[in-house]
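Observations on chain architecture
Listed below, chain by chain, are the residues.
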Amino acid sequence: MNKIILTILFSATFFISGFTQGIKLSLQLPEGYRFTTETSVNLIVEQEFMGIRYNTQMEIATVMHLQVNGIDSDTSYLLSASYQKMDIRVSSILINMEVSTEWVNSQDSLSSVLRSILGKEFTMILSGKGEAIDIFNLDEMISQTVAESGLPEEQKIEFSRNLIQSVGEDAVLDNYRNNSSFYPSSAIKVRDQWDSRMNFVKSGIPMELSNHIKVKELTRESVILASEGRISSQIANKSQNLPSSPDQTFKLIGNEVSEKIIDIKTGLILESIVSQNVSGTIRSPSENAGEEEMVIPFKIISRCTMLSGSSQ
């Protein structure tokens, strides 16, 4: 009995000591490690032009399998990835598209093309902070798959463009974009807080996010990090590697709220929920000389959920 009590006391002391010293967050994935990521994105973009309101709504759900194929000296992870499931719905005044790899219907040619993408591998590079550094061959694979399909030629171009926008390289990078700020360089403890700032592009608009992150909960298995941030548009600058928009001026402001659950052992983000709300105006010069510039009310509402788990 005394041995059991001593063992429990020793384990508790070790656990408390580890929390006092802090927990270092970083990816610790062995070569060959396989995991699955399920992503759900809901995006609403509202614009008003000449008194007419235009709404675009997108709902995208994907399941992706990933495997660690190598780790370099900078602790970046080389991953092979492939889609295992995709559901896409886009609704606007210009397009109304709904496709799913789950639909097996000989008359649904678009979903049939989407299914042909499943299992085809592309390459991702993740940093030790969970940030997607680069993606290779995904856009090319989508374009080639659509080009080899039996769709009419005029439909191939439009469908390929919509797929790349929905599940291509930039879309995946955007889903991973702010992970790095949730892996601070120093060890963290309960009630720790820190600030981060980053540039990103949303719907083609250069923006800046100023985030305040705090440790919400810390257990033996995982840590929950919560953040609140302020989003503002910015002027494109070549030194910032942002797309230039010389003919448009953005005046947008908003907020972001997020929460992430990170596995302490692997450093993998088990669950991530990010919500954004941004609104303001876009100013564009008139096409006719002498006329006033156009002021377009603009709004973005988005929510992205990611769930990850080992598939070993």
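The structure this text deals with has already been given above.
Attention in this report is confined to the structure presented alongside it. Nothing here was measured: the structure is a model prediction, and the numbers come from that model. Throughout, residues of each chain are indexed from 1 in the direction in which the sequence is written. Side-chain atom pairs in this predicted model are given and counted only at pLDDT of 80 or more, local residue features only at pLDDT of at least 70, and totals for whole chains, interfaces and linings cover all residues. Based on all heavy atoms of the structure, the side-chain values leave hydrogens and waters out of the count.

**Observations regarding the environment of Asp134**
Keep this limit in mind: Under the DSSP-based scheme used, a helix requires at least four consecutive residues in state H or I and a strand at least two consecutive residues in state E, with every element numbered from the N terminus. Two residues qualify as a contact provided that any one of their heavy atoms is within 4.5 Å of a heavy atom in the partner residue.
For Asp134, the location among the structural elements is in strand β6 (residues 132–136). Note: C-alpha distance between Asp134 and Leu173 (39 residues apart in sequence) is 7.6 Å. If we skip the residues at most four places from it in the chain, Asp134 touches Thr123, Met124, Ile125 and Leu173.

**So, the environment of Ser40**
Inspection of the secondary structure assignment puts Ser40 in strand β1 (residues 34–49). C-alpha separation for the pair Ser40 and Leu307, spaced 267 residues apart in sequence, amounts to 8.9 Å.

**Observations regarding empty space enclosed by the protein**
We apply this condition: Cavity: a set of points on a 1 Å grid over the protein atoms alone where a 1.4 Å probe fits but cannot get out. Pocket: an open set with protein on both sides within 12 Å along at least five of seven lines, its lining residues, like those of a cavity, having an atom within 4 Å of a point. Grid points are joined across faces, edges and corners, and a volume is the space filled by probe spheres set on the points. Three classes are used, and their members are as follows: Ala, Val, Leu, Ile, Met, Phe, Trp, Tyr, Cys and Pro are nonpolar, Asp, Glu, Lys and Arg are charged, and the others, Gly among them, are polar.
Counted by the stated rule, this structure contains one cavity of 30 Å³ or more. Together, Leu27, Phe35, Thr37, Leu126, Gly130, Tyr176, Asn179, Tyr183, Leu268, Ile269, Met306 and Ser308 line the largest cavity. Those elements giving two or more residues to the lining of the largest cavity turn out to be β1 and β12 (294–310). In terms of residue class, the lining of the largest cavity is made up of eight nonpolar, four polar and no charged.

**Some remarks on the pairing of strand β7 (residues 193–202)**
Here is the rule: Burial here depends on accessible area, computed with a 1.4 Å probe over protein chains only, as a share of the maximum for the residue type. Under 20% is buried, over 50% is exposed, and the range in between is partly exposed. Here, a strand pair is defined by DSSP locating no fewer than two bridges between the strands.
Taking every second residue as pointing to the same face, the buried face of β7 carries Trp194, Ser196, Met198, Phe200 and Lys202, while none of Gln193, Asp195, Arg197, Asn199 and Val201 on the other face is buried. As judged from the ten bridges shared by β7 and strand β8 (residues 205–218), these two strands associate in the antiparallel manner. Bridging across to β8, Asn199 finds its partner in Glu208. Between β7 and β8, which pair antiparallel one after the other, the connecting turn spans two residues, and Ser203 there sits at a positive phi close to 55°.

**Considerations on the packing of aromatic side chains**
Stated precisely, the cut-off is as follows: Side-chain rings of Phe, Tyr and Trp (the six-membered ring for Trp) are treated as a pair once their centres are within 6.5 Å; stacked means planes under 30 degrees apart, edge-to-face means over 60, and tilted covers the remaining angles. Here, over-ring charges are defined by two tests on the NZ atom of lysine or the CZ atom of arginine: distance to the ring centre within 6 Å, and angle to the ring normal within 35 degrees.
The final tally for this structure, using the stated rule, is two aromatic pairs. With a centroid separation of 5.9 Å and 40° between ring planes, the pair formed by Tyr83 and Phe122 is classed as tilted. Here Tyr83 is found in strand β3 (residues 77–91), whereas its partner Phe122 is found in strand β5 (residues 122–126), with 39 residues between them in sequence. Residue class for Phe122 comes out buried when judged on its relative accessible area of 1%. In this arrangement the basic side chain of Arg177 is found over the ring face of Phe200, its NZ or CZ atom lying 4.2 Å from the centre. Directly above the ring of Phe182 sits Lys260, whose terminal nitrogen or CZ lies 5.0 Å from the centroid.

**Details of the pairing of strand β2 (residues 52–71)**
Look at any regular strand and the pattern is simple: side chains alternate between the two faces of the sheet. Pairing between β1 and β2: 16 bridges, direction antiparallel. Directly across from Thr37, in β2, lies its bridge partner Met64. In sequence, β1 turns back onto β2 through a hairpin of two residues, with Met50 there showing a positive phi of about 55°. Of the pairings in the sheet, the one linking β2 to β3 comprises 14 bridges and is antiparallel in character. Among the inter-strand pairings, Ile71 is bridged to a residue of β3, identified as Tyr77. Linking two consecutive strands that pair antiparallel, namely β2 and β3, is a turn of five residues; a positive phi of about 60° is found at Thr75 within it.

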